[in-house]
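Fold and contact review
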Amino acid sequence: MDLRELYQEVILDHGKHPRNHRFPEPHNREGRGYNPLCGDKISLRLQLDGETITDIGFIGQGCAISQASCSTMTEAIKGKTLPEVEALFSKFHTMVTSDEGADDLDALGKLAVFAGVREFPMRVKCATLGWHTLKQALGSEGGEATTE
Amino acid sequence: MTEVSPIVAPSPAAFDVQRVRGDFPALHQGVHGKPLVYLDSAATSLKPQSVIDAVADVYARDCANIHRAVHLLSQRATARFEEAREKVRAFVNAAKKTEVVFTRGTTEAINLVAHSWGRAHLREGDEVLVTELEHHSNIVPWQILCQQMGATLVVVPMTDRGEVLREAFEEQLTERTRLVAMAHVSNALGSVLPVAELIALAHERGAVVLLDGAQAMSHVDVDVQALDCDFYAFSGHKLYGPTGIGALYGKEQLLESMPPYQGGGDMIRSVSFEETIYNDLPYKFEAGTPNIAGAIGLGAAIDYFTSFDARAVHAHENAVLRYATDALESVPGLRLIGTAPGKVAAVSFLMDAAHPHDIGTIVDSEGVAIRTGHHCAQPVMEHFGIAATARASLGMYNTTDDVDALVGALQKVQELFG
């Protein structure tokens, strides 16, 4: 088991220095995510103009995987439309939970650094916490997003 | 005068940790290509071969239901099940075997008291006292009970070292306190509470006391008569026994005064649609077919543990804990959480470089198993303003080599994250 597969430089960097680590103003959507098993928390706010996410930021605390995943997610989806975001999450989820998504890594861009999470089933919830929080903020999941 | 030879008590085997390690098959495996270093006994202890054999033997030989059939297998299973109860009684020094109720574990034992004693004895305006360092299983059942009965849950604060002090306890104890429920040993921090002193104080005010002994049984002496606790709850699987079995000790007159917890078979003497007459103690609280093999396995675990001098086991564990505390304190950027002067078997910590979850994954890749998270004690985490800790916890089989392996693995954390 190679830990470097999991803790790639991009992840360590984003874990230490999360991007978009602020609440955007103005914003018209917000979500909160919580992993009750480890206490990781994410508070996410975004501005949705029509179908497009024009700004997004988050404040969170937790492990390198959860924070780096949320950080790279905010970078990846800023300026994207809802169907594009939906497609990205679907690819991301497939990548971290199964071997099937291996061909699609190019489409994920920087998010592909999380491919190593697949080998660490206990950490999949860390990698998807930000994404679940995003879905909740966009209204497709009610209440607080939780990994349980 | 006749020469009288001195009476020599049968002396338990001297404590030889290498021999002990040989008794635990799970220790002898590789994980991720490294030898396993198991430092998570506060979550569950490993099991010696004698316990594994005892459980297997029940199913291989004495596989029958108990307290029912006249056939030989049932007689043997019943006898072994009741022998296990006697072993538990002797181990905690209960006055009577009838004061030992088998449960699924600590959680069920606490819930039994909350449901049965609590609903029968708690009134509106009464108070239930817990401490800030409790495990969720010694908080939530009382919260539910208080909501149902209109009672109030009162919390004794702990200090920043993770101690519960007599003064703080006395301050929260009032004439309305009907029950005190507290840990004997904290699972998240390893603090040992001054329970004998606190029980005496509670009794002066007429309160009943339940001790959560989940983390205590294998690390400190438990004598329920000397402690004078009213209830004592514990799990077998943290005492080198199987999961799914534990016990509730209760003083006889209290257990007698309580209605049944669950209804079903075995807990009754006779049933008609007009009236049911309940069975005697402890069967009144043991509805349904119990975990027979589990109870017998727990008996085997007690046999195993008591084949050593408990003082020698505790001294060994305390020496490893002191070594671990010193070694971890010397790791740069590491902070211990919980520094009470009286601690056993567990050390919780944080590192500047990495979150506990990342620490857990990295040391696991080095073969070292520790627990990370809030340890089902979120109020403890709240006290320290943190979400989680990494926790290394000890069993009788751990050595200073295990600690060295942990410290070595933590260097990997520094390398990766530093």
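This section reports on the structure supplied with the text.

Before going further, it helps to examine the overall build of chain A. When helices and strands are tallied, chain A shows six helices and four strands. Traced from its N-terminal end to its C-terminal end, chain A shows the element sequence α-α-β-β-β-α-α-α-α-β. Over its C-alpha trace chain A gives a radius of gyration of 14 Å, about what one expects of a compact globule, namely 15 Å for 148 residues. With respect to the three principal axes, the spread of C-alpha positions in chain A is 45 × 30 × 25 Å. Going through the 148 residues of chain A one by one, you find that 48% of them count as buried. A sequence separation of at least 24 residues applies to 59% of the contacts in chain A between residues at least 6 apart. If you sum the accessible surface of chain A, you get close to 6,600 Å²; carbon and sulfur atoms cover 49% of it. The averaged location of the 22 negative side-chain charges in chain A is 6 Å from the averaged location of its 16 positive side-chain charges.

We now examine the sheet that holds strand S9 (residues 231–235) of chain B. Residues and elements named next belong to chain B. An order of S4-S10-S9-S8-S7-S5-S6 is seen for the seven strands of this open sheet, with the pairing classed as mixed. Two strands in the sheet have a free side with no partner beyond their single neighbour: strand S4 (100–103) and strand S6 (152–156). Adjacent strand axes in the sheet meet at a mean angle of 20°, parallel and antiparallel pairs treated alike. Examined bridge by bridge, strand S5 (residues 127–131) and S6 share five bridges and lie parallel to one another. Of the residues in S6, the one forming a bridge with Thr-131 is Val-156. Against the sheet, helix H5 (residues 140–149) makes contact with S5, S6, strand S7 (177–183) and strand S8 (208–212), and its axis sits at roughly 145° relative to S6, the strand it touches most.

Quick look at the pairing of S7 of chain B now. All names here are of chain B. Counting buried positions along S7 gives six out of seven residues, so the element sits mostly inside the fold. The pairing of S7 with S8 spans five bridges and is classified as parallel. Bridging across to S8, Ala-183 finds its partner in Asp-212.

All names here are of chain B. The strand order across the open sheet formed by four strands is S13-S14-S17-S16, and the pairing between neighbours is antiparallel. Where the open sheet ends on each side, the last strands, each with one partner, are strand S13 (334–337) and strand S16 (371–373). Strand-to-strand, the axes of this sheet are offset by a mean angle of 30°, without reference to chain direction. When S13 meets strand S14 (residues 346–351), the two strands line up antiparallel, connected through four bridges. Bridged to Leu-334 within S14 is Met-351.

Definitions and limits used
- Residues numbered from 1 in each chain as written.
- Chains lettered and ligands numbered in written order.
- Predicted model: local features only at pLDDT ≥ 70, side-chain atom pairs only at ≥ 80, totals over all residues.
- Heavy atoms only, no water.
- Helix = DSSP H or I, 4+ residues; strand = E, 2+ residues; numbered from the N terminus.
- Rg over C-alpha atoms; globule rule 2.2 N^0.38 Å.
- Buried < 20%, exposed > 50% of the residue type's maximum accessible area, 1.4 Å probe, protein only.
- Contact = heavy atoms within 4.5 Å.
- Areas by Shrake-Rupley, 256 points an atom, 1.4 Å probe, with all protein chains shown as cover.
- Lys, Arg positive; Asp, Glu negative; His and termini not counted.
- Charge placed at Lys NZ, Arg CZ, Asp CG, Glu CD.
- Pairing = 2+ DSSP bridges.
- Axes fitted to C-alpha atoms, helices over the stretch in contact; angles between N-to-C directions.

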